[in-house]
Amino acid sequence: MKQELRTDRLSAFYGAHCAIRDITMTFRPKSITALIGPSGCGKSTLLRCLNRMHEVIANTTVKGQVMLDGSNVYDSGIDTTSLRRRVGMVFQRPNPFPTMSISDNVLAGVRLAGDVSDRSTLAEIAERSLRRAALWDEVKDILNRPGTSLSGGQQQRLCIARALAIEPEVLLMDEPASSLDPISTMKIEDLMREIKTDFTIIIVTHNMQQAARVSDFTGFMLAGEAAPGELIEFDESSKIFTTPQDKRTEDYITGRFG
Amino acid sequence: MSQDSADLVSFRVARRVETGERARSHFADRIFSGLLLGSAWIILIVVCGLLAVLVKASWPALTTIGFKAATLAWSPSDDRYGVLSFAFGTVVTSIIALALAGPMGIAVALFLSELAPKRLAGPVSMLVELLAAVPSVVYGLWGLFVLAPVMRTVVQPALGKWLGFLPLFQGPPLGIGMLTGGVLLSIMILPTVAAIARDVFAAVPIEQREGMLALGSTRWEMLTKAVLPYARQGVIGALVLALGRAMGEAMAVVMVIGNTPAVSASLFRPAYTMASVLANEFTEATGQTYVAMLIEIGLLLFGMSIVVNVIARALVWSVSPKGTRAV
């Protein structure tokens, strides 16, 4: 299937410490998959394995496979730069580049790729990306201001626009709204629903209501005292949040722990 | 006493203790902020005092020589006190030093903070900082006995051969002169650039690096497009500090620059700098005007340092978009 992303017995390590073990799951294209679970269950680690950002941290290793369109992203022939253009990422804290203007921030990835240099095309890409990120109306007159002059919620949407500008197939979001106020959070959730027709979205969230509100599928992860994080249950969100099959999932979503 | 009034009493006691504590901490706050304010004032007073003493001590020269100081000829025995050749020497050697040590120091800092394995980064950082602790007179001796012969026999002949078409590298390889002075200064200011820039790079948030990597950048692009721009102001600060040290360095330069008040296009020629003429001639200066003139050179050097700082600050402002982390 086109643009299919799945993991096969994926394990990730920090030094000798195993953070996640044997995760096998398939992410449905053009839909939103949420990863939930208590702190330290490895959901962010799993997310970072999907675009090989895990290996940016020193002494980390990965076992198993991440298959994107039928090829393993951990194959030696895969170039991380082109992989990360296909699998974009939005971080927990908004991280616009402070020395760049709003439009330069949006175009940062496009300029890295270097295949568009025509001014009007770049302007079009910037506008389209900012519209998709529901930020265009707020910034269209101040595109030359620094990205850091925006509010926190606007900065995060700017980072989403930046990730979308390079037309990734998959968008990874690592607790994208956890540092934002409720209104900004709502705007981000709205835009996620808007853009899921074009992108496969995987979101890590601490907020179960958020997962229930926006996601089509939900994976529940859990780590033991010393045991690595595992995927306990993975199903349509409507099922996970109404009729979970596993007792631990039920305990978690009903607020009995975590 | 009823329970109610007992509660009331204990409430009042509690209130008193609380307000007392608040008053005490308020008092401590005031002492602390007073101390900080005092320290800030001391710096201002020291700078102003320094300026006042320099002006006062150089007053005889300022009034009698005046703008005749803005000439080339330096010959105290004939009452000719032109300082331009010293200013020229200071500017040229400092520019050479910064041109060599700037890129090199930034490269060392990038290597230490981004590329070097931890086991290597620690010892190398320590060695770099150790370089800064070597007394300048030791640098001077090393410059005279090691660097100057190498410059004379190897570097300058090679430069003359390959780049001799430039006026900068013409003339006999003397070993002693502006180029050697600049090279020696560059070694001396390298640790300043490297150590500060390393700390500045290390302070760039991980989110900035990962943000660029996640857009599909190579490691090199992450360094040049995320880390360096973010650290730009700090790096400029490091360069300005280093430049200040190069301009003010006297002892090491005295030993390798040739101490000749001359202005020439060739970097192989001997020259003199403002700081080194002060160090070299102050003890033998006779007559009120001569001494005052040397102090005026110190005053001018002070002024040049301030101008350099202001220019650097303006440079930072001009490249930062409005509303970013301006200093």
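Residues numbered from 1 in each chain as written. Chains lettered and ligands numbered in written order. Predicted model: local features only at pLDDT ≥ 70, side-chain atom pairs only at ≥ 80, totals over all residues. Heavy atoms only, no water.

### Overview of the overall build of chain B
Next up, step 1: When its secondary structure is counted, chain B shows 11 helices and 2 strands.
Next up, step 2: Starting at the N terminus and ending at the C terminus, chain B contains elements arranged as α-β-β-α-α-α-α-α-α-α-α-α-α.
Next up, step 3: For chain B, contacts bridging at least 24 residues in sequence account for 74% of all contacts bridging at least 6.
Next up, step 4: Approximately 17,600 Å² of chain B is accessible, and the part contributed by carbon and sulfur atoms is 72%. (Helix = DSSP H or I, 4+ residues; strand = E, 2+ residues; numbered from the N terminus. Contact = heavy atoms within 4.5 Å. Areas by Shrake-Rupley, 256 points an atom, 1.4 Å probe, with all protein chains shown as cover.)

### Some remarks on the pattern of salt bridges
Next up, step 1: Scanning the entire structure with this criterion turns up 23 salt bridges over all chains.
Next up, step 2: Here Glu210 of chain B ties to Arg48 of chain A by a salt bridge, and the two come within 2.6 Å at their closest N and O atoms. Taken together, the residues Glu210 of chain B in helix H6 (residues 206-214) and Arg48 of chain A in helix H1 (residues 43-50) connect one chain to another. Pair check on accessibility: Glu210 of chain B and Arg48 of chain A agree, each one buried. (Salt bridge = Lys/Arg side-chain N within 4 Å of Asp/Glu carboxyl O. Buried < 20%, exposed > 50% of the residue type's maximum accessible area, 1.4 Å probe, protein only.)

### Some points on the environment of Met188 of chain B
Residues and elements named next belong to chain B.
Next up, step 1: Mapped onto the secondary structure, Met188 falls in helix H5 (residues 178-202).
Next up, step 2: Given the relative accessible area of 1%, Met188 is considered buried.
Next up, step 3: Taking the C-alpha atoms as reference points, Met188 and Pro103, separated by 85 residues in sequence, lie 14 Å from one another.
Next up, step 4: Not counting chain neighbours up to four residues away, the residues in contact with Met188 comprise Ser136, Tyr139, Arg245, Glu249 and Ala252.

### Remarks on the layout of surface pockets
Gaps left between atoms are located by rolling a probe of water-molecule size over the structure's atoms.
Next up, step 1: In this structure, the largest pocket occupies an estimated 840 Å³ of space.
Next up, step 2: Around the largest pocket, the lining is made up of 26 residues, and of these Val56 and Ala58 of chain A together with Ser113, Glu114 and Arg219 of chain B lie nearest the centre.
Next up, step 3: Listed by contribution, the elements that provide at least two residues to the lining of the largest pocket are helix H2 (80-86) of chain A together with helix H2 (84-115), helix H3 (118-133), H5, H6 and helix H7 (219-230) of chain B.
Next up, step 4: Here the lining of the largest pocket takes 4 residues from H2 of chain B, the largest share from any one element.
Next up, step 5: Tallied by class, the residues present in the lining of the largest pocket amount to 14 nonpolar, 5 polar and 7 charged. (1 Å grid on protein atoms, 1.4 Å probe; cavity = no way out; pocket = protein on both sides within 12 Å on 5 of 7 lines; lining within 4 Å. Points joined across faces, edges and corners; volume = space filled by probe spheres on them. Nonpolar A, V, L, I, M, F, W, Y, C, P; charged D, E, K, R; others polar.)

### Notes on the packing of helix H4 (residues 119-132) of chain A against helix H6 (residues 152-165) of chain A
The axes of two packed helices give the description: the angle between them and the distance between them.
Residues and elements named next belong to chain A.
Next up, step 1: Packing of H4 against H6 brings their axes to within 8 Å, and their N-to-C directions diverge by 125°. Between H4 and H6, the interaxial angle falls into the category oblique. Between H4 and H6 lies a crossing whose hand is right-handed. On the side of H4, the interface is formed by Ile125, Ser129, Leu130 and Arg132, while H6 contributes Leu158, Ala161, Leu164 and Ala165.
Next up, step 2: Taken together, the residues of the contact of H4 with H6 sort by class into 6 nonpolar, 1 polar and 1 charged. (Axes fitted to C-alpha atoms, helices over the stretch in contact; angles between N-to-C directions. Parallel < 35°, antiparallel > 145°, perpendicular 65-115°, else oblique. Left-handed = near helix turned anticlockwise from the far one by under 90°.)

### With respect to the sheet that holds strand E5 (residues 71-72) of chain A
Residue and element names in this part refer to chain A.
Next up, step 1: Ordered by their spatial adjacency, 4 strands build an open sheet running E2-E1-E4-E5, and the pairing between neighbours is antiparallel. Lying at the two open borders of the sheet, with one neighbouring strand each, are strand E2 (17-27) and E5.
Next up, step 2: In this sheet, strand E4 (residues 60-68) lies alongside strand E1 (residues 5-14) in antiparallel orientation, the contact comprising 8 bridges. Looking at the pairing, Phe13 lines up with Thr61 of E4.
Next up, step 3: With respect to the sheet, H1 is in contact with E1, E2 and E4, its orientation differing from that of E1 by roughly 115°. (Pairing = 2+ DSSP bridges.)

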